[in-house]
Amino acid sequence: MIISSMCFLLWSSPATIVSTMVEASSGALKLSIDLCAVYAVWLGVLELVDASGLGEKLAKLLHPLIKKLFKIDNNEIEKMIALNMSANMLGLGNAATPMGINAMKALDDGSGVANTAMIMLIVINATSIQLLPSTVIGLRASAGSTAPADIIFPTIIATAVTSICGVCLVKLFSKIKRRKK
Amino acid sequence: MSAYIIPILFVALFSYCYIKKINTYDTFVKGAKKSISLVVDIFPFIATIMIAVALLRASGITAILAGLLSPVFNLLGIPAELIELVLLRPFTGAGSYGLLESVLLEYGPDSYISRCACVILGCSETIFYVATVYFSQTKVKKLLYAIPVALICALVGSIIACLLCKVI
């Protein structure tokens, strides 16, 4: 992907290659600093949720769902996934990330190949049910929309369909894989 | 309304911790401390994927792809104006929000095109970014079918988004 776009640029405008790369990288640095601030808030809150025992309660609440989806039996990981999913539902993608990374680390079996639970976690995060698409509504409002929030309903339906579709596809693929073995 | 949800949850959480006699300050600091090492760990991955996306866009490959794919997207009911958005969405969050803004300005925020764009963004995620960051701290090299499944779902979501905006 990188090579093909480089070849393309080499032919059209070679002077822009390095500047584009550096520009993107500095954008990444700015994003990382923003993320660091956001993560500091959410990881602090997360630590509190954990210490107060609320994390466990949440995990218990989502336990049937998580067990069905991930087929795991580990309280620590379940807690992480429960928090990750709740943050996603609230539209807090950035808050969900650190918890997702922790869950992913805990799910890693060191074999170098993603297992079904890891794939399920990625797909759920990629299609996550968003109850409040707050950024989009904000952008629409600032563009002068008369009813900026009227996209909530279609968004919830669309996102619910993609989540169900994702879960079914992962289940299907993991079954095919098992049969092959 | 939605502006209140998170602050209220925060107040509730802090009060709950107070009642439970947890050392709120120390616990929060302990968690916040982890953010620096986390960001240091994932920065190289973020930088690499953003450089790759920037090169792709600068080279004009995405625009050419959009042109090539327009008959297919047409068949699926996705307006030609939104193809670049659908194609870039899995790669870049900031980039796709930038695109959404230009769509909103160009077609007016209450037009069919703009509403489709909003729902498409609302129901999808930056798949490649999420996958890179989430897997960055594991030893996993083979993602198997994770990315294709996520991409198929994103496409299904876009089709449904365009359908729903026509009906509702």
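**Digging into the overall build of chain B**
At step 1: Assigned secondary structure in chain B consists of 8 helices and 0 strands.
At step 2: Counted from the first residue to the last, chain B has its helices and strands arranged as α-α-α-α-α-α-α-α.
At step 3: Since a compact globule built from 168 residues should have a radius of gyration of about 15 Å, the 20 Å found for chain B marks it as more spread out than a globular shape.
At step 4: Principal-axis analysis of the C-alpha atoms places the extent of chain B at approximately 60 × 40 × 30 Å.

**Let's talk about the interface of chain B and chain A**
At step 1: With 71 residues of chain B in contact, the opposing surface of chain A contributes 75 residues.
At step 2: Secondary structure elements with two or more residues in the side of chain B that touches chain A: helix H1 (2-19), helix H2 (24-59), helix H5 (93-107), helix H6 (112-122), helix H7 (127-135) and helix H8 (146-167) of chain B.
At step 3: At 22 residues, the largest contribution of residues to the side of chain B that touches chain A is made by H2 of chain B.
At step 4: Tallied by class, residues from the side of chain B that touches chain A come to 50 nonpolar, 11 polar and 10 charged.

**A word on the confidence of the model for chain B**
At step 1: Here chain B shows a mean pLDDT of 85. Residues at 70 or above account for 98%.
At step 2: Model confidence for the complex is summarised by a pTM of 0.81, with the ipTM given as 0.80.

**Focus: the environment of Tyr-145 of chain B**
At step 1: Here Tyr-145 of chain B lies in the loop between H7 and H8.
At step 2: Apart from the residues within four sequence positions on either side, Tyr-145 of chain B is in contact with Ile-119 and Phe-173 of chain A.

**As for unusual backbone geometry**
Residues and elements named next belong to chain B.
At step 1: With a phi close to 60°, Lys-21 is a non-glycine residue in the positive phi region.
At step 2: Relative to the helices and strands, Lys-21 resides in the loop between H1 and H2.
At step 3: For Lys-21, a count of 8 C-beta atoms within 10 Å gives the class exposed.
At step 4: Phi at Leu-144 takes a positive value of approximately 50°, unusual for a residue other than glycine.

**Side note on H7 of chain B**
At step 1: Burial of H7 of chain B is extensive: 7 of the 9 residues sit out of reach of the surface.
At step 2: Restricting attention to buried positions, one finds in H7 of chain B the residues Ile-127, Tyr-129, Val-130, Ala-131, Val-133, Tyr-134 and Phe-135 of chain B.
At step 3: Each element contacted by the buried residues of H7 of chain B is listed here: helix H5 (93-107) and helix H6 (116-126) of chain A together with H2, H5 and H8 of chain B.

**Focus: the confidence of the model for chain A**
Parts of the prediction with low pLDDT should not have their coordinates interpreted in detail.
At step 1: On average, residues of chain A score 83 in pLDDT, and 97% of them reach the 70 mark or higher.
At step 2: Mean pLDDT values over the elements of chain A span from 71, in helix H1 (residues 2-12) of chain A, up to 89, in H6 of chain A.

**Observations concerning the environment of Cys-162 of chain B**
Residues and elements named next belong to chain B.
At step 1: Position of Cys-162 among the secondary structure elements: in helix H8.
At step 2: In sequence terms Cys-162 and Glu-84 are 78 residues apart; their C-alpha atoms lie 15 Å from each other.
At step 3: Sequence-distant contacts of Cys-162, that is, excluding residues within four places in its chain, are made with Gly-77, Ile-78, Pro-79 and Cys-116.

**A closer look at helix H4 (residues 75-89) of chain A**
Each α-helix winds once per 3.6 residues, and so residues spaced three or four apart point in a common direction.
Residues and elements named next belong to chain A.
At step 1: Helix length check: H4, at 15 residues, gives a terminal C-alpha distance of 21 Å against a target of 21 Å (1.5 Å per residue), a fit within 8%.
At step 2: H4 sits mainly inside the fold: 11 of its 15 residues count as buried.
At step 3: Along H4, the residues that are buried comprise Ile-77, Glu-78, Lys-79, Met-80, Ile-81, Ala-82, Leu-83, Asn-84, Met-85, Ala-87 and Asn-88.
At step 4: In this structure, the buried residues of H4 make contact with helix H2 (16-51), helix H3 (54-70), H5 and H6.

Rules used throughout
Residues numbered from 1 in each chain as written. Chains lettered and ligands numbered in written order. Predicted model: local features only at pLDDT ≥ 70, side-chain atom pairs only at ≥ 80, totals over all residues. Helix = DSSP H or I, 4+ residues; strand = E, 2+ residues; numbered from the N terminus. Rg over C-alpha atoms; globule rule 2.2 N^0.38 Å. Contact = placed C-beta atoms within 7 Å. Nonpolar A, V, L, I, M, F, W, Y, C, P; charged D, E, K, R; others polar. pLDDT = per-residue confidence, 0-100. Buried ≥ 20, exposed ≤ 12 C-beta atoms within 10 Å, placed from the backbone. Expected span 1.5 Å × (residues − 1).

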